[in-house]
Every structure is written in structure tokens, then in C-alpha cells.
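Next come the chains, spelled out residue by residue.
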Amino acid sequence: MDADLGRIPASPSPRQSQKEATRQRVIAAARELFDTHGYQGTTIREIARHAGIAVGSVFTTFASKGEILSEVMQARLDPLYAELDRVVPHLRGPTVDRLRTMFAIHFEFEHRHVRLFLSHISAAYDWTLAPAARPYGRNARFQELIRETLQKGIAQGDVRPDVDFQEVVDLIMAAYGWTYRLVITDDADAKALIAVMDRQIGLIAEGFAPRN
Amino acid sequence: MKHISPTQVAADLPARAPTRRALAKQQTRLKVLAAARRLFSEQGYEGATIRDIAAAAGMSTGAVFANFTDKSDLFREIMTDDMEALVAAMRDAAVRGRGVEDAVLKVFMAGYTFYKSRLQLARAAFSVSWDKDGGPNLRGMTSSQAFQDVFAEQLTAAVERGELSKEAEVKLRSQMLFDTYLSNFPQAIFEGWSLDALQARARDQIRILLAGARRG
């Protein structure tokens, strides 16, 4: 989905701004409900009621529940990536530690609304997911950040030059996503998630370190 | 595990033959499970209702509830059957592996092969497992833990053979192997990856995850 779609045009017609207002109300209501009741526990009807609009109006703006969640996550991610864009260029030290810091920022951020994030993962497998929706794990911007971090690692000599970036990115993303399982099974807090992720990144780093 | 057939039920009751009533009840269960399996695969967990499942099985919702407490109970039963069968298939496959990386790869492939014909059911299971309410239901299952055990067994054996170092962090590595195994399912489900493509990818992933534990 185009990142600019959610923005209000420079001089919106009354009709457009009304549509935009509806959209924002749906997203705000949905964010609250997904965070409280999870993805499966939330219905479009409830979102409409919570937003104070008719169910039909929701459907004129969004094709499905999956699409609403996708928009909710997108709106949330903007500040997170602003933060990462600000911090990442200043990170120093071994690649493994730079990666750890990047993920610690993620866990700190997501843990405040962890149920929302779980909804996001659950929805990646949902039947109502629209082709335009962005399922978890396909965030190009984040993957690019990891690639840049690895690239820098090659330059500083702690990443093997012939390593397949996409493979490493996928392994790290798998570890990241599945670490959230600990919220479901152990009710883990951000600190616990970060500790587990640190160990996993360490293990993957052994796999991309230069061979002696 | 296999589906329990009426004859097996009979075998479990050596003292006397099952009553006609017990057999009929078992038949009903099997019919409901088959219908549920089909509907979960076609419509997902959320989309399939008990009412639809009952209709597909040709019985009343009351008859379904006489055998299963609710939809999650039904789903859990289907998943348990599959997981037990799969864990056994994975162990069989691992035996044929040459070296730890190959054995682990064979475990991965046993899973992808098993689910190749039921990817939509896998998709429903992933959706449920990430739900805060449904998740514990699936993840807490002993058969779910059994998957990690299969990976741990391969690594432990490799440590004993001297193929992996004694500091191989078997528990963390088994966990990560299992996670990685699961993480390739979206490619299979949504992008139609072939078994060959999955195998090539899995082989590289396993190599990276085991690299730090290799001796010498």
C-alpha cells in the first residue's frame, strides 16, 4: 500500500475530508479493540460501533478486517522508523551488538501494545487479508536497515563478504517474530524478550562471522 | 497418530466387543472430524462455524456438541492427530540423515512434505496459534513440544558423536531450528514455493544456525 494514501491532500474537498475523518476514526477504534481483544476477538461490527459509525461506512473505506489492521500497524510504525532512522547511523561497535540494539528498540516499542502486535502476526495468516495488506515480516524498510547493518559489518570485517543477506535477514526476522511467542506462553515482558533475542542474534552471528 | 478407526477402538477393549452404541458414537466423531478438517481448510478457523461443520457432516449441531465441547476442542483434536503423525515421520526421516545438518534438513522436509497437501490447514493453525486466547491452547500441547524434542535429539546425538561441540547450546539451537522451520511456511502457503525451493533455503538456514556449534 502506498505510504501517502493515509495523508490528507493539500486542499481536500469536504467530501474527501469527511472520508478521511471516518478513516481515522476507524483506525483509532480498531487499534484499541485489537489491542484489547486480539485480532480474532474483534469484529468489524464492533469496530464500527466503537468508532460511532455505520458498518457500511467502514466497508466503503476498508475491504476487510485484515486491511484495517494493516493500516493501524502502518500508522504506528512511522514513529518507530523515525526513531530507528535517527539512531541506527550513530550505532558503533560489532555488528552483532548493532543488531541487538535495533531489535531492543523494537521490543521496547511493541511491548507497550503487545497484543496489537500479536494480532498483526496472527492476521498474516488470516483469510480476509487483502492483497494490499502488509503482513508481518514483509516490511521492506526494516529489512533494508538490517541489510545496511550487515553491509557495514563486511566493511569492518566481522561479517563474511559472501554471506547471503536475504538469508540472514530472514533468519533474524524469524527469530524476532517467534520470540513474541514468549508473551503468549510465559507472559514475557520487554526485558525478557530482549534477553532471548540477544542470544539468538549471537547465535546467528556465529553463522555469518568470517571463517578463520 | 492415525485416526482411530472403529476396529482399533475394538482392539482397545479386549474384554468384550464394543457396544453398537459405542461404535455409532465413534463413527459420529470421525464424521465430524472429517467435515471440520475440510471446512477449516476451506474457510479458516474463524470462517468455519460449528453450524456449517454439523451441516457438512450431515448432523445436528447438538450431535456435534455431544462429542466436542466447542470449536477449539475440535480444532485441537485435528491438530493433535496431525502433529503426532508428523513427529513420528520426522523421527523416521532423521534416521536416514548423514550427519547432523542432513538429519535436521530431513526433519524439515518431512514437515514440508506432510503439509504440502494441507497448507490451508497449516495456515489456520498459524492464525490460531498467534491469538492470545487460542495460542496457549495449541502451543501448550505436548505434541507441539515434541517437535522441539525432535530437533534437540538430533543435536544431542551430534554432540555425543563429537560432530558438534559440547557447548552447542542445544536448547536454544533446537528452539531456533523449530522457529526457522515454521518461518518458511508463509513462502509455501502464500508464494507456492516447491519442496525443492524450500529444501535449498532450509539447507542454508540450518548451516548458518549450526555454524557456531561445529567443532574445529
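Worth saying up front: this structure is predicted, and the values here are computed from it rather than measured.

## Side note on the overall build of chain B
Each helix and strand counted, chain B has 12 helices and zero strands in total. Taken across its 216 residues, chain B has 35% of its residues classed as buried. Residue pairs in contact within chain B that sit at least 24 positions apart in sequence constitute 62% of those at least 6 positions apart.

## Remarks on unusual backbone geometry
A negative phi angle characterises most non-glycine residues, just as the trans form characterises most peptide bonds. A positive phi angle, near 55 degrees, is found at D187 of chain A, a position not held by glycine. Tracing the chain through its elements places D187 of chain A in the loop between α9 (181-186) and α10 (190-208).

## Focus on the domain arrangement of chain A
Residues and elements named next belong to chain A. Split by domain assignment, chain A resolves into domain 1 (8-62) and domain 2 (68-212). Distance between the C-alpha centres of domain 1 and domain 2: 29 Å. Taken residue by residue, the interface counts 11 residues in domain 1 and 12 residues in domain 2. By residue number, the principal contributor to the side of domain 1 that touches domain 2 is helix α1 (residues 14-37), which donates six residues. When grouped by side-chain class, the residues that make up the side of domain 1 that touches domain 2 number seven nonpolar, two polar and two charged.

## So, the interface of chain B and chain A
Taken together, the 30 residues of chain B in the interface contact 29 residues of chain A. Secondary-structure elements contributing two or more residues to the side of chain B that touches chain A are α2 (20-47), α7 (119-129), α8 (134-139), α10 (170-183) and α12 (195-211) of chain B. At seven residues, the largest contribution of residues to the side of chain B that touches chain A is made by α10 of chain B. Here the side of chain B that touches chain A is built from residues that sort into 10 nonpolar, 10 polar and 10 charged.

Parameters and conventions
Residues numbered from 1 in each chain as written. Chains lettered and ligands numbered in written order. Predicted model: local features only at pLDDT ≥ 70, side-chain atom pairs only at ≥ 80, totals over all residues. Helix = DSSP H or I, 4+ residues; strand = E, 2+ residues; numbered from the N terminus. Buried ≥ 20, exposed ≤ 12 C-beta atoms within 10 Å, placed from the backbone. Contact = placed C-beta atoms within 7 Å. Domains from an automatic or database assignment. Nonpolar A, V, L, I, M, F, W, Y, C, P; charged D, E, K, R; others polar.

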